[in-house]
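Report on the structure
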Amino acid sequence: MATVKFDNATRVYPGNDSPSVDQLNIDIEDGEFLVLVGPSGCGKSTSLRMLAGLEEVNDGKIWIGDRDVTDLSPKDRDVAMVFQNYALYPHMSVAENMGFALKIAGEDKAQIRERVEEAAKILDLTQFLDRKPKALSGGQRQRVAMGRAIVRSPQVFLMDEPLSNLDAKLRVQTRTQIASLQRRLGVTTVYVTHDQVEAMTMGDRVALLKDGILQQCDSPRRMYDHPD
Ligand code: ADP
Ligand code: ADP
C-alpha cells in the first residue's frame, strides 16, 4: 500500500494545442478510494494512464509513496490496472487466468494456488475456478479480471470504467462488490468513471475534472450535498 501524488502532472498530446491534463495536483492517502469523474474527454483516462506509466508526463511528476515514478516503466511501479474491456484468456480456466501473471513472474505453484484461492474467496469466485470464461456471466468475468489484478498484491489498484459494459442491474451489484473488496483489501485505489452516482457511492473522495483541469476534490457528501 502507498500514497499517490499527482504533482502538477501535465499531458499535452503531440499535435494538440492545449493540455489534456493541465497541472493536476491530487494527494491520495494510503488505502483511499479516489474516484476521477467528469464528462467524456475531460482527461480522466489520461490521468490514470499517467499514473500507470502508460502515458508520458510532459510536465510535473507522479509519486507512489516516496518514490518519484514519473520515468519508471509500468511494471516497475507496482500498480495493477483493470480496463473496461476485460480481456480474459478464453482457453484458460478462471484459476489459470487469475494465476497467469504470477506464473510468468516465476512464483511457485503452491504459492500461486494459495493467492488465487484467497482472491477467489474474496471475490466470490471459488465455485468457478475450474470454468472457462465463456461459462461465466459478465459480472463474474469482471470479477475474474479484478482477481487477476489483485493476486499480485499491487501497491495501487487502477480501474478505468470497469462497469461500463455491464447492464444496469449488474452495474449496481458489481459497484457494491468492488467497493467492499477495496475496503477489505485496503489497497489505494483510483477509479475512473463518467457516472456521478458511481462516484458518489464508491469514493472516499471524488476528483472532478473539466477540460483537463481539476475543479474540486472532496468527499461525496461535501461535493454533492452542498454543491455551492
Ligand atoms: P476521458 O477519459 O475523460 O474521456 P481522455 O483522457 O481520454 O478523457 O481525453 C482527454 C482529452 O485528450 C480529449 O480531448 C481527447 O480527445 C484527448 N486525447 C486523448 N488521447 C489522445 C491522443 N492519443 N492523441 C490526441 N489527443 C488525445
Ligand atoms: P499448469 O499445470 O499448466 O501450470 P495448472 O492447471 O496447474 O496449470 O494451473 C495454473 C495455475 O493456476 C497453477 O499455478 C495453479 O496453482 C492455479 N490453479 C489451478 N487450478 C486451481 C484451483 N482450482 N484453485 C486454485 N488455483 C488453481
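Heads up: these notes are all about the structure in this document. Source: prediction; values computed, not measured.

Notes on the site of ligand 2
- In the vicinity of ligand 2, the contacting residues are Ala95, Glu96, Lys103, Lys109, Ile112, Arg113, Val116, Glu117, Leu129 and Asp130.
- The separation between an oxygen atom of ligand 2 and a polar side-chain atom of Glu96 is 3.4 Å.
- Residue Lys109 places a side-chain N or O atom 2.8 Å away from an oxygen atom belonging to ligand 2.
- Relative to its unbound accessible area of 540 Å², ligand 2 is 74% covered by the protein chains.

Describing the packing of helix H2 (residues 94-104) against helix H4 (residues 138-150)
- Packing of H2 against H4 brings their axes to within 7 Å, and their N-to-C directions diverge by 30 degrees. Accordingly, the angle class assigned to the pair H2 and H4 is roughly parallel. Pair H2 / H4 crosses with right-handed handedness. Between H2 and H4, the contacting residues are Val94, Asn97 and Met98 on the first element and Val144, Gly147 and Arg148 on the second.
- The residue inventory of the contact of H2 with H4, partitioned by class, reads three nonpolar, two polar and one charged.

Describing helix H1 (residues 44-52)
- By the criterion of burial, H1 is predominantly enclosed, with seven of the nine residues buried.
- Turning to H1, its buried residues are Lys44, Thr46, Ser47, Leu48, Met50, Leu51 and Ala52.
- Looking at the residues trailing H1, positive phi occurs at Gly53, about 90 degrees.

Some thoughts on the pattern of salt bridges
- This model, assessed by the stated rule, comprises ten salt bridges.
- One salt bridge in this structure joins Glu55 and Arg49, with 3.1 Å as the shortest N-O distance.
- Under the relative-accessibility criterion, Glu55 is labelled buried at 14%.
- Ionic contacts of the salt-bridge type, sharing partners, join the residues Arg11, Arg49 and Glu55 into one network.

Brief notes about the nonpolar core
- Grouped together as the largest cluster of nonpolar side chains are 36 residues, with contacts concentrated most on Met98, Met146, Phe157, Ile178 and Tyr191.
- Breaking this core down by element, the ones donating at least two residues are strand S3 (33-37), strand S6 (79-82), H2, helix H3 (109-122), H4, strand S7 (156-160), helix H5 (168-185) and helix H6 (196-202).
- Ranked by residue count, the leading element in this core is H4, at five residues.
- If near-sequence neighbours (up to four positions away) are discounted, Met98 is found in contact with Val116, Ala119, Ala120, Leu125, Leu129, Val144, Gly147, Arg148 and Val151.
- One finds Ile28, Ala52, Met81 and Leu158 within the second-largest nonpolar core, a separate group that totals 27 residues.

Basis of the calculations
- Residues numbered from 1 in each chain as written.
- Chains lettered and ligands numbered in written order.
- Predicted model: local features only at pLDDT ≥ 70, side-chain atom pairs only at ≥ 80, totals over all residues.
- Heavy atoms only, no water.
- Near = heavy atom within 4 Å.
- Polar contact = N/O pair within 3.5 Å; in protein donor to acceptor, adjacent residues only side chain to side chain.
- Areas by Shrake-Rupley, 256 points an atom, 1.4 Å probe, with all protein chains shown as cover.
- Axes fitted to C-alpha atoms, helices over the stretch in contact; angles between N-to-C directions.
- Helix = DSSP H or I, 4+ residues; strand = E, 2+ residues; numbered from the N terminus.
- Parallel < 35°, antiparallel > 145°, perpendicular 65-115°, else oblique.
- Left-handed = near helix turned anticlockwise from the far one by under 90°.
- Contact = heavy atoms within 4.5 Å.
- Nonpolar A, V, L, I, M, F, W, Y, C, P; charged D, E, K, R; others polar.
- Buried < 20%, exposed > 50% of the residue type's maximum accessible area, 1.4 Å probe, protein only.
- Salt bridge = Lys/Arg side-chain N within 4 Å of Asp/Glu carboxyl O.
- Core = buried A, V, L, I, M, F, W, Y, C linked by side-chain atoms within 4.5 Å.

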